[in-house]
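Structural overview for review
The primary structure of each chain is shown beneath.
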Amino acid sequence: MTRPLLFLLCLLALLPYPASARLAGPPEVWQQPAEARDLAQIRRTGVLKVLVNQSRNSSGEVKGESVGVEYHRIRAFEQFLNRNARDGREIKLKILPRSKDQLLAALQRGEGDLVAPGELINQRVGANVSASAPLRKDVPLVLVSRQGQRRYQRLEQLSGRSIALPVGSAAGEALRQVNEKLAGRKLAPIVVEWVDPTLAVEDVLEMVQAGIFPLTAVEQPIAERWAKVMPKLRLDRHLVLDRQGDMTWFVRRDAPTLRASVNRFLAGYRAPDDQDAAFQRVYRRLYRVHNPLARNERQRLERVRPVLQRYADQHDFDWLSLAALAYKESSLNPAAKGASGATGLMQITPGAARSVGVGNIQKLDNNVQASAKYLAMLRRNFFASAQLDERERMAFVLAAYNLGPQRVQAMRAEARRRGLNSNQWFFQVERIAGEQAGMGVVSYVNSVNKYYLAYDRERYLLEPSKKAGKTRN
């Protein structure tokens, strides 16, 4: 080999891979994928590992009732496999929730045998995965907004507007193609706001309904399903970003027998007519987040901001976390009265306040001080592990504030036993909470988190002293 050619090859080796070829997980894992478990091996072990999208839309169980859109289908597949077992050995499902953008990587790494996402998923170029026969063909991606908001007639009218999308949304690629067309017409692109990874598709829809996000784009069947429990959503079915994607399951290419069984099952499967009955009953009254940044709410926040900032600083909290908790507990009303003696802005009980040495919680300063000290005590005594990142730590503290720390710790232990991530509340330990305690605590933590994210989006406007400091510079 000549020296110039060798030099050129070395340079090429240093170039980054194109974005479309990058896959989640260590590169060497993708280059040397784990050996696939085909159906014969699955039958020998008696376990089918199903990777599900951790979104509550796709997978979820609340006090024994299945509410995820994929749960009925994968349970029916379990029965199908067991009916066709020649040796009489039953297969049990092991449900493994992952973030949507990590599902195919986890399949490739051998963490599961089957992916059931419940949403459109963009199959990565070069991935050693194979799609099943379609569950739904040519699924439209439609615009969703809040009733009463401006109605758009053409996609071009979205030029320069912002659309919020959850991580892994198939609408991201569709919007990229729309923006290419807008660029050809010399129009500003549609701005994609990729939201915090603690938010799934249903969370984004709830925040659109509340007016926190102006718009999102969602698979039409998913939008229609959630509109049953979020009546203020408006589906603009005439504004279709794309309709070329199919909803499918995925298996490894080197598991052909499993893929054939999946396709035989799907060919004869019909969803039960009442499959969403439990979904509507469980969720109808839960998704009611409001906009904490409406004009009156901003005025109330400004009145209590100094005391929230003072005690947040004393106990090493982000003051907007305390503000989000206060909005959830009392709608920022210092005179609010609640159940079991809970009172004031933070709705803390006299007993909890006494446990951290604070009295007279009718007084605003004492009320916030008692809450901040109690939250700090929960964090210090139960959730101080360095293995917790700060967002998850705060979620566990909030769950303990609502449910009690001992119960939350027991749920973390159960999560570990099931192979879930016990250091992650969102979509992991919260699954155990939903099964054992119902959706109350799950909704509580999620609501505070959404209020925090809404505040954090406008932090610059909510912290006038910092804004003034930046202006002076």
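**Side note on the overall build of the protein**
Secondary structure summary: the protein contains 20 helices and 12 strands in total. Its C-alpha radius of gyration of 25 Å places the protein within 12% of the 23 Å reference for a compact globule of 473 residues. In terms of overall dimensions, the protein has C-alpha extents of about 75 × 60 × 55 Å along its principal axes. Residues classed as buried in the protein amount to 53% of the 473 residues present. Considering only intrachain contacts with a sequence separation of at least 6, the fraction spanning at least 24 residues in the protein is 71%. Surface exposure of the protein reaches about 22200 Å², of which carbon and sulfur atoms provide 49%.

**Observations concerning the side chain of R393**
Following the sequence through the fold, R393 ends up in helix α15 (residues 390-403). Here the side chain of R393 touches F383 through a polar contact of 2.6 Å, landing on its backbone oxygen. Not counting chain neighbours up to four residues away, the residues in contact with R393 comprise R379, F383, A384, S385 and L388.

**Topic: the packing of helix α17 (residues 425-437) against helix α18 (residues 439-457)**
In contact at an axis separation of 7 Å, α17 and α18 are set at 145° when each is read in the N-to-C sense. On the side of α17, the interface is formed by W425, F426, E430, A433, G434 and A437, while α18 contributes M439, V441, V442, V445, N446 and N449. Class assignment of the residues belonging to the contact of α17 with α18 gives a composition of 8 nonpolar, 3 polar and 1 charged.

**Considerations on helix α9 (residues 256-268)**
Across its 13 residues, α9 extends 19 Å between first and last C-alpha, which sits within 8% of the 18 Å expected from 1.5 Å per residue. The inward-facing, buried residues of α9 contact α3 (39-45), β1 (47-53), α4 (71-83), β5 (114-116) and β12 (250-252).

**Re the packing of aromatic side chains**
What the rule picks out here adds up to 16 aromatic pairs. On the numbers, 5.2 Å between centres and 50° between planes, the contact of F77 with F265 is tilted. Of this pair, F77 sits in helix α4 while F265 sits in helix α9; the two residues are 188 residues apart in sequence, bridging distant segments of the chain. A relative accessible area of 0% places F77 in the buried class. Between the aromatic rings of F80 and F265, the centroid separation amounts to 5.7 Å while the plane-to-plane angle is 55°, which identifies the pairing as tilted. On the criterion of sequence distance, the pair formed by F80 in helix α4 and F265 in helix α9 is long-range, its members being 185 residues apart. By relative accessible area, which is 14% here, F80 ends up buried. Every member of this aromatic cluster is reached through a ring pair, and the members are F77, F80, W249, F265 and Y269.

**Some thoughts on the pairing of β1**
A large share of β1 lies buried, amounting to 6 of its 7 residues. Relative to strand β4 (residues 92-98), β1 runs parallel, the two sharing 7 bridges. Note that in β4 the partner of K49 across the bridge is K94. Relative to β5, β1 runs parallel, the two being bridged by 3 bridges. Bridge assignment links V50 to a residue of β5, and that residue is L114.

**Observations regarding the pattern of salt bridges**
Opposite charge on two side chains makes pairing possible when the charged atoms of those side chains draw close. Evaluated as defined, the whole model comprises 37 salt bridges. Between E206 and K450 there is a salt bridge; the shortest N-O distance is 2.3 Å. Here E206 is found in helix α7 (residues 201-210), whereas its partner K450 is found in helix α18, with 244 residues between them in sequence. The class of K450 is buried, set by a relative accessible area of 1%.

**Considering the sheet that holds β4**
Strand order in the open sheet made by the 5 strands is β4-β1-β5-β12-β6, with mixed pairing throughout. Single-partner strands in this sheet number two, and they are β4 and β6 (129-131). Here the average twist between neighbouring strands, direction ignored, is 30°. Across the face of the sheet, α4 comes into contact with β1, β4 and β5 while running at roughly 150° to β4.

**Some thoughts on the nonpolar core**
The biggest cluster of nonpolar side chains holds 117 residues, and the ones touching the most others in it are L308, W425 and Y455. No other element matches the 11 residues that α18 contributes to this core. Setting aside anything within four residues of it in sequence, one finds Y455 in contact with P292, L293, L301, L320, A323, A324, Y327, L332 and L462. Of all hydrophobic cores here, the second largest spans 25 residues; its members include L48, V50, V52 and V251.

**Here's the deal with the confidence of the model for the protein**
This prediction gives the protein a mean pLDDT of 88; 90% of its residues lie at or above 70. In the model of the protein, helix α2 (residues 27-31) stands out as the element of lowest mean pLDDT, 36, in contrast to helix α12 (residues 319-330), which has the highest, 98. pLDDT under 50 marks residues 467-473. Its contacts with residues more than four places away, or in other chains, come to 4 contacts.

**Details of the environment of E180**
Within the secondary structure, E180 sits in helix α6 (residues 171-184). Each C-alpha atom, one on E180 and one on S130, is 29 Å from the other, the two residues being 50 residues apart in sequence.

The rules behind each value
Residues numbered from 1 in each chain as written. Predicted model: local features only at pLDDT ≥ 70, side-chain atom pairs only at ≥ 80, totals over all residues. Heavy atoms only, no water. Helix = DSSP H or I, 4+ residues; strand = E, 2+ residues; numbered from the N terminus. Rg over C-alpha atoms; globule rule 2.2 N^0.38 Å. Buried < 20%, exposed > 50% of the residue type's maximum accessible area, 1.4 Å probe, protein only. Contact = heavy atoms within 4.5 Å. Areas by Shrake-Rupley, 256 points an atom, 1.4 Å probe, with all protein chains shown as cover. Polar contact = N/O pair within 3.5 Å; in protein donor to acceptor, adjacent residues only side chain to side chain. Axes fitted to C-alpha atoms, helices over the stretch in contact; angles between N-to-C directions. Nonpolar A, V, L, I, M, F, W, Y, C, P; charged D, E, K, R; others polar. Expected span 1.5 Å × (residues − 1). Phe/Tyr/Trp six-rings, centres within 6.5 Å; stacked < 30°, edge-to-face > 60°. Pairing = 2+ DSSP bridges. Salt bridge = Lys/Arg side-chain N within 4 Å of Asp/Glu carboxyl O. Core = buried A, V, L, I, M, F, W, Y, C linked by side-chain atoms within 4.5 Å. pLDDT = per-residue confidence, 0-100.

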